[in-house]
Amino acid sequence: MSSVALVERFIVLCFWLSPYRWVDALLEAGESANQRRGRDTAGLRAARYALSELYIVAWLVLGVGLWLAQASLPAWLIWPALLRVFGILDKELGVILFGRCKITAGRQVAATGRTIVLALENYAAAAFLMAFVHTKAGRFGEAATGLAPGDALIQSLSIQFSLTPAFTPADGIGWALVLYQSGFAFLFSLIVISLFVSLLEFGASRH
């Protein structure tokens, strides 16, 4: 098996860690069954699109909520937050590299305005999720614990837009978080740029 096939299999396998994938799989099975029976599948297809948008927006709202309410929340919540950030990157890589992890499977990936908007919403959700993580884990500068909420958001946005931390990590956990988010931001930025280029090429071909 080639390395490309292994990467594709790993991405698809990780995609199954998302609860969204399990619900979408049920809708996908119903859509396939209706298609085999010659029934209308438009309703189930619309439901799958609505589910994907609702899931992305829900995580954006949840990320903001976690960041705002961080003082009253337990530290173990950083693990689902980190997993969601990984899941965002995993899904986007599956879509852009292999045409997988999306509603309409296929090797040909056509960039659309909807795809880019949802990708940017995911990017914003990751920024708030990581801001929450920075309040709970790692030491930065002279702080004995995580950053204050405002500083954590500045740290998160600085990493995602410049790949450089605003506050220098003071321990290994802090550096691990910075490198984790920097890797996410770098790869995700390449994905979004490729989507924009694809959209421009598609628009040019129409004219």
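Within each chain, residue numbers correspond to sequence positions counted from 1 in written order. Two thresholds apply to this predicted model, a pLDDT of at least 70 for residue-level local features and 80 or more for giving and counting side-chain atom pairs, whereas whole-chain, interface and lining totals are computed over all residues. Side-chain figures throughout are based on the complete set of non-hydrogen atoms in the structure, without hydrogens or water.

Digging into the overall build of the protein
Moving on, step 1. The secondary structure listing takes helices from DSSP runs of H or I that are at least 4 residues long and strands from runs of E that are at least 2 residues long, numbered from the N terminus. Scanning the protein from N- to C-terminus turns up 7 helices and 0 strands.
Moving on, step 2. In the protein, the order of α-helices and β-strands from amino to carboxyl end is α-α-α-α-α-α-α.
Moving on, step 3. Whether a residue is buried, partly exposed or exposed follows from its accessible area with a 1.4 Å probe, protein chains only, as a fraction of its type maximum: under 20%, in between, or over 50%, in that order. By residue count, 39% of the 207 residues in the protein fall in the buried class.
Moving on, step 4. In this analysis, two residues are considered to be in contact whenever any of their non-hydrogen atoms come within 4.5 Å of each other. Sequence separation of 24 or more characterises 68% of the internal contacts of the protein that already satisfy a separation of 6 or more.
Moving on, step 5. Per-residue accessibility takes into account occlusion by the displayed protein chains alone, with areas from the Shrake-Rupley method and a 1.4 Å probe. A total accessible area of about 11200 Å² is found for the protein, and carbon and sulfur atoms account for 69% of it.

Observations concerning helix α1 (residues 3-15)
Moving on, step 1. Along its 13 residues, α1 runs 18 Å from first to last C-alpha, staying within 8% of the 18 Å computed at 1.5 Å per residue.
Moving on, step 2. The inward-facing, buried residues of α1 contact α2 (19-36) and α4 (78-98). Every helix has an expected span of 1.5 Å times one less than the residues it contains.

Focus on the packing of aromatic side chains
Moving on, step 1. Two rings from Phe, Tyr or Trp (for Trp, the six-membered ring) form a pair when their centres sit within 6.5 Å of each other. Planes less than 30 degrees apart are called stacked, planes more than 60 degrees apart edge-to-face, and all others tilted. Taken as a whole and assessed by the stated rule, the structure comprises 9 aromatic pairs.
Moving on, step 2. Judged by centre distance (6.3 Å) and plane angle (55 degrees), the rings of Phe15 and Tyr20 are tilted.
Moving on, step 3. The exposure class of Phe15 is buried, given its relative accessible area of 8%.
Moving on, step 4. Judged by relative accessible area, which is 7%, Tyr20 ranks as buried.
Moving on, step 5. Taken together, a centroid distance of 6.5 Å and an interplanar angle of 75 degrees make the contact between Tyr55 and Trp59 edge-to-face. Of this pair, Tyr55 and Trp59 both sit in helix α3 (residues 42-68), separated by 4 residues, roughly a single helical turn.

A look at the nonpolar core
Moving on, step 1. To define a nonpolar core, start from buried Ala, Val, Leu, Ile, Met, Phe, Trp, Tyr and Cys residues and group those joined through side-chain atoms within 4.5 Å. Residues Tyr20, Val85, Leu129, Phe132, Val133, Phe184 and Phe188 are the most contacted members of the largest nonpolar core, which totals 33 residues.
Moving on, step 2. Those elements giving two or more residues to this core turn out to be α1, α3, α4, α5 (113-136) and α7 (172-206).
Moving on, step 3. Among the elements that take part in this core, α5 stands out by supplying 8 residues, more than any other.
Moving on, step 4. Non-local contacts of Phe132, meaning those with residues more than four positions away in its chain, are made with Leu66, Trp67, Gln70, Leu73, Pro74, Leu77, Ile78 and Ala81.
Moving on, step 5. Grouped together as the second largest cluster of nonpolar side chains are 9 residues, Trp67, Phe128, Leu147 and Ala152 included.

A word on the confidence of the model for the protein
Moving on, step 1. For the protein, per-residue confidence averages 85 on the pLDDT scale, and 90% of positions sit at 70 or higher.
Moving on, step 2. Each residue carries a pLDDT score, the predictor's own confidence in it, on a scale running from 0 to 100. At the level of individual helices and strands, the protein shows its lowest average pLDDT in α7, which scores 81, and its highest in helix α6 (residues 149-162), which scores 94.

What about α6?
Moving on, step 1. Here α6 contains 14 residues, and its C-alpha end-to-end distance of 20 Å stays within 8% of the 20 Å for a straight helix at 1.5 Å per residue.
Moving on, step 2. Residues Ala152, Leu153, Gln155, Ser156, Ser158, Ile159 and Gln160 constitute the buried set of α6.
Moving on, step 3. After α6 finishes, the residue Leu163 shows a positive phi value of roughly 60 degrees.

Brief notes about the packing of α4 against α5
Moving on, step 1. Convention adopted: a line fitted to C-alpha atoms gives each axis, helices being fitted over their contacting stretch, and angles between N-to-C directions are expressed from 0 to 180 degrees. The contact between α4 and α5 brings their axes to 9 Å, and the two run at 155 degrees. One element, α4, and the other, α5, form an angle in the roughly antiparallel class. With respect to the hand of their crossing, α4 and α5 are arranged in left-handed fashion. The residues of α5 that touch α4, namely those facing Ile78, Ala81, Leu82, Arg84, Val85, Ile88 and Glu92, are Ala119, Asn122, Ala126, Leu129, Met130, Phe132, Val133 and Lys136. Roughly parallel here means an angle under 35 degrees, roughly antiparallel means over 145, roughly perpendicular means 65 to 115, and every remaining angle is called oblique. Working rule for handedness: look at the near helix, and if it is turned counterclockwise from the far one by less than a right angle, call the crossing left-handed; if clockwise, right-handed.

Here we look at the packing of α3 against α5
Moving on, step 1. Closest axis-to-axis distance for the α3/α5 pair is 8 Å, and the angle between their directions is 25 degrees. Considering the angle they form, α3 stands roughly parallel to α5. Judged by the sense of rotation from one axis to the other, the crossing of α3 with α5 is left-handed. Mapping the contact onto sequence places Tyr49, Ser52, Glu53, Ile56, Val57, Trp59, Leu60, Gly63, Val64, Leu66 and Trp67 in α3 and Arg114, Leu118, Glu121, Asn122, Ala124, Ala125, Phe128, Leu129, Ala131 and Phe132 in α5.

Structural notes on the UniProt feature "transmembrane region" (unreviewed entry) in the protein
Moving on, step 1. When the UniProt feature table is mapped onto this chain numbering, "transmembrane region" (unreviewed entry) sits at residues 54-79 and 173-200.
Moving on, step 2. The straight-line gap between the two end C-alpha atoms of residues 54-79 is 22 Å; of that span, 65% is helix and 0% is strand. UniProt positions are given in the numbering used here, feature names are shortened, and annotations may be inferred rather than shown by experiment.

Overview of the pattern of salt bridges
Moving on, step 1. We define a salt bridge as a contact between a side-chain nitrogen of Lys or Arg and a carboxyl oxygen of Asp or Glu at a distance within 4 Å. A complete count under the given rule lists 3 salt bridges for this structure.
Moving on, step 2. Taking the shortest distance from any N to any O, the salt bridge between Arg21 and Asp24 comes out at 3.3 Å. Taken together, the residues span about one helical turn, with Arg21 and Asp24 both in helix α2 at a distance of 3 residues. Just as Arg21 is buried, Asp24 falls in that class too.
Moving on, step 3. With a shortest N-O distance of 3.3 Å, Glu28 and Arg21 are connected by a salt bridge.

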